[in-house]
Amino acid sequence: LARTLPRGSRCVVGVLERCEETAEVLSHFAPWFEMSCGKHLNANPHSSALSEDARREILRQNAAEVAAYKAANILLDAQLNVTRTARARSQGR
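Quick caveat, the model's predicted, so the values are computed rather than measured.

**Quick notes on the overall build of the protein**
Part 1 of the reasoning: Within the protein, the secondary structure is distributed over four helices and zero strands.
Part 2 of the reasoning: Starting at the N terminus, the α and β elements of the protein follow one another as α-α-α-α.
Part 3 of the reasoning: For the protein, buried positions account for 19% of its 93 residues.
Part 4 of the reasoning: Taking all contacts inside the protein whose residues are at least 6 apart in sequence as the whole, residues at least 24 apart take part in 71%.
Part 5 of the reasoning: Of the accessible surface of the protein, which amounts to about 7,400 Å², a share of 55% is contributed by carbon and sulfur atoms.

See below:
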């Protein structure tokens, strides 16, 4: 995590659940890169809902991943702001 977060600030960050916003940022910073936001399903029809205890244990064991995910969302928000500000300036707003 100590190496991931500083490196992430030098990258275009994408978040799967925010595909449209990720595509918007990519089109600004890497216009040659084409991205499609198709439908993604990560459902297991045979799984049941997790108990609250199981959910807490998974979050505890994956604390680094959760922190990286939160940081990625913050970076995506910042990159989206830069993208939209640049677009507004180029359109004379």
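**A short note on the nonpolar core**
Part 1 of the reasoning: Listed in full, the six residues of the largest apolar core are Val13, Val15, Val25, Ala72, Leu76 and Leu80.
Part 2 of the reasoning: In terms of residue count, the dominant contributor to this core is helix H4 (residues 63–90) (three residues).
Part 3 of the reasoning: Those residues in contact with Val25 that lie beyond four places of it in its chain are Val12, Leu76, Gln79, Leu80 and Thr83.

**Structural notes on the packing of helix H3 (residues 52–61) against H4**
Part 1 of the reasoning: The geometry of H3 relative to H4 is characterised by a closest axis approach of 4 Å and an angle of 80° between their N-to-C directions. The angle between H3 and H4 falls in the class roughly perpendicular. Contact with H3, carried on its side by Leu59, Arg60 and Gln61, involves Ala63, Glu65 and Val66 of H4 and no other residues of that element.

**Re the packing of helix H2 (residues 19–29) against H4**
Part 1 of the reasoning: At a minimum axis separation of 9 Å, H2 and H4 run at an interaxial angle of 55°. By the angle between their axes, H2 is oblique relative to H4. As H2 runs across H4, the sense of the crossing is left-handed. The segment H2 lies against H4, with Glu21, Thr22, Glu24, Val25, His28 and Phe29 engaging Leu76, Gln79, Leu80, Val82, Thr83, Arg84, Ala86 and Arg87.
Part 2 of the reasoning: Residues belonging to the contact of H2 with H4 are distributed by class as follows: six nonpolar, four polar and four charged.

**Description of the environment of Cys19**
Part 1 of the reasoning: With respect to the helices, strands and loops of the structure, Cys19 is situated in helix H2.
Part 2 of the reasoning: C-alpha separation for the pair Cys19 and Lys39, spaced 20 residues apart in sequence, amounts to 10.0 Å.
Part 3 of the reasoning: Discounting chain neighbours no more than four positions away, the residues touching Cys19 are Met35, Ser36 and Cys37.

Basis of the calculations
- Residues numbered from 1 in each chain as written.
- Predicted model: local features only at pLDDT ≥ 70, side-chain atom pairs only at ≥ 80, totals over all residues.
- Heavy atoms only, no water.
- Helix = DSSP H or I, 4+ residues; strand = E, 2+ residues; numbered from the N terminus.
- Buried < 20%, exposed > 50% of the residue type's maximum accessible area, 1.4 Å probe, protein only.
- Contact = heavy atoms within 4.5 Å.
- Areas by Shrake-Rupley, 256 points an atom, 1.4 Å probe, with all protein chains shown as cover.
- Core = buried A, V, L, I, M, F, W, Y, C linked by side-chain atoms within 4.5 Å.
- Axes fitted to C-alpha atoms, helices over the stretch in contact; angles between N-to-C directions.
- Parallel < 35°, antiparallel > 145°, perpendicular 65-115°, else oblique.
- Left-handed = near helix turned anticlockwise from the far one by under 90°.
- Nonpolar A, V, L, I, M, F, W, Y, C, P; charged D, E, K, R; others polar.

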